[in-house]
Amino acid sequence: MKILGIVGSPRKGGNTEQLTRIALEEVQKEGIEVELISLAGKKIEPCTGCGACRSTGECVIKDDFEAIYDKMVAAEGFILTSPVYFGAATPQITSLISRCFVSRRKKRVFDNKVGGPIVVARRAGKNFTYAQLLFFFMISGMIVPGSTYWNVAIGNDMGDVVKDTEGVETIRNFGKKLAWLAKKVNA
Ligand SMILES: Cc1cc2nc3c(=O)[nH]c(=O)nc-3n(C[C@H](O)[C@H](O)[C@H](O)COP(=O)(O)O)c2cc1C
């Protein structure tokens, strides 16, 4: 089994990445393989709505999307994470989500995979962004576990987020639940 942590921050090693590593650490402790994929420095154009994938099942845009998408399809689950940018998810993570539209011809490629969102902010927009990412999991037929709070944490400067003890604890508990769920679903 494998679970990915896809980090939608353009800042490598930033708060979102650190929190994602914490979640993956808990998953790994349960004997599940993990991989962190940072979108920082990757080129993922947003979907242009050209409709080509409707007939071909392929996206005409050639960039870093395809390799990540293949890993998402192959994995038993994935976490999508983002810092809050102007009250919402980053263009990096929303571009990735929009391009997953390519799967519509391939019949429910994410059905019954496990996953969930993680969000970091300096102050405001966490719940909105959490919901924004959650929409993707729910429409994709994925199964999302809860935690001891919503998967949100506070931080601004690099590394600040680890000082949010409740946030870190919530993410650890989410990682544990995700591993538990992955084992049940794939038993
Ligand atoms: C362009 C931009 C917009 C931001 N907008 C918000 C915002 O609306 N609300 C908020 O609380 N923090 C906002 N922030 C702060 C980031 O969410 C915060 O610094 C976060 O920890 C960055 O995560 P990272 O280190 O993973 O990139 C913004 C930061 C940037 C660069």
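These numbers were taken from a predicted model, which means no experiment stands behind them.

Inspection of the region around the ligand gives 20 residues, with S9, G14, T16, P83 and A121 positioned closest. Contributions of two or more residues to the shell around the ligand are made by α1 (15-29) and β4 (114-121). For the shell around the ligand, the element with the most residues is α1, which contributes three residues. Broken down by class, the residue content of the shell around the ligand amounts to eight nonpolar, eight polar and four charged.

One non-glycine residue, F86, adopts positive backbone phi at about 50 degrees. Residue placement: F86 occurs in the loop between β3 (77-83) and α4 (91-99). Backbone geometry places N112, a non-glycine residue, at a positive phi of 65 degrees. Structurally, the position occupied by N112 is in the loop between α4 and β4.

Ranked by internal contacts, the top residues of the largest apolar core, which has 45 residues, are I3, I6, L19, A23, V27, F78 and L96. Each residue touching L96, except ones within four places of it in the same chain, is listed here: I6, L39, I44, F65 and I68.

Attention shifts here to the pairing of strand β2 (residues 33-38). By the bridge criterion, six bridges tie strand β1 (residues 2-7) to β2 in an arrangement that is parallel. Bridging from a neighbouring strand, I6 pairs with I37 of β2. In this fold, β1 hands off to α1, which returns the chain to β2; that crossover is right-handed.

Here the focus is the sheet that holds strand β5 (residues 152-154). Think of a sheet as strands paired side by side through backbone hydrogen bonds, with each pair either parallel or antiparallel. With parallel pairing, the five strands of this open sheet are ordered in space as β2-β1-β3-β4-β5. With one partner strand each, in any of the chains shown, β2 and β5 form the two edges of the open sheet. If you compare each strand with its neighbour and ignore which way they point, the axes differ by 15 degrees on average. Here β3 runs beside β4; their pairing, made up of seven bridges, is parallel. The residue bridging G77 from the neighbouring strand is V114, located in β4. In this fold helix α5 (residues 126-139) packs onto β3, β4 and β5, with an angle of close to 160 degrees to the strand it touches most, β4. Sheet contacts for helix α6 (residues 165-185): β1, β3, β4 and β5; angle to β4, the most-contacted strand, approximately 170 degrees.

What follows concerns helix α3 (residues 65-74). By the burial criterion, the buried members of α3 are F65, I68 and M72. For α3, the angular spread of buried residues about the axis comes to 75 degrees, placing them on one side. Facing away from the buried surface of α3 by more than 90 degrees, the exposed residues are A67, D70 and A74.

Calculation rules
- All residue numbers refer to positions counted from 1 along the written sequence of the respective chain.
- Where local features are concerned, this predicted model is filtered to residues with pLDDT of at least 70; where side-chain atom pairs are given and counted, the filter is 80 or more; whole-chain, interface and lining totals use all residues.
- By definition, a residue lies near a molecule or strand when the C-beta atom built from its backbone is within 6 Å of it.
- Going along the chain from the N terminus, every DSSP run of H or I of four or more residues is numbered as a helix, and every run of E of two or more is numbered as a strand.
- Basically, the charged four are Asp, Glu, Lys and Arg, the nonpolar ten are Ala, Val, Leu, Ile, Met, Phe, Trp, Tyr, Cys and Pro, and anything else, Gly included, counts as polar.
- The nonpolar core criterion groups buried Ala, Val, Leu, Ile, Met, Phe, Trp, Tyr and Cys residues into a set whenever they are joined through C-beta atoms within 7 Å.
- Field definition: a residue is buried when 20 or more other C-beta atoms are found within 10 Å of its C-beta, exposed when 12 or fewer are, and partly exposed for counts in between, with C-beta atoms placed from the backbone.
- Remark: residues whose backbone-derived C-beta atoms lie within 7 Å of one another are considered to be in contact.
- Any two strands between which DSSP finds at least two bridges are classified as paired.
- With the strands aimed away from the viewer, a crossover counts as right-handed if its path from the first strand over the helix to the second runs clockwise.
- Orientation is described by lines fitted to C-alpha atoms, with helices fitted over the stretch in contact, and by angles between N-to-C directions that extend from 0 to 180 degrees.
- Each C-beta atom gives one direction from the helix axis, and the arc is the one those directions make.

Function-wise, these values are silent; they only describe arrangement.
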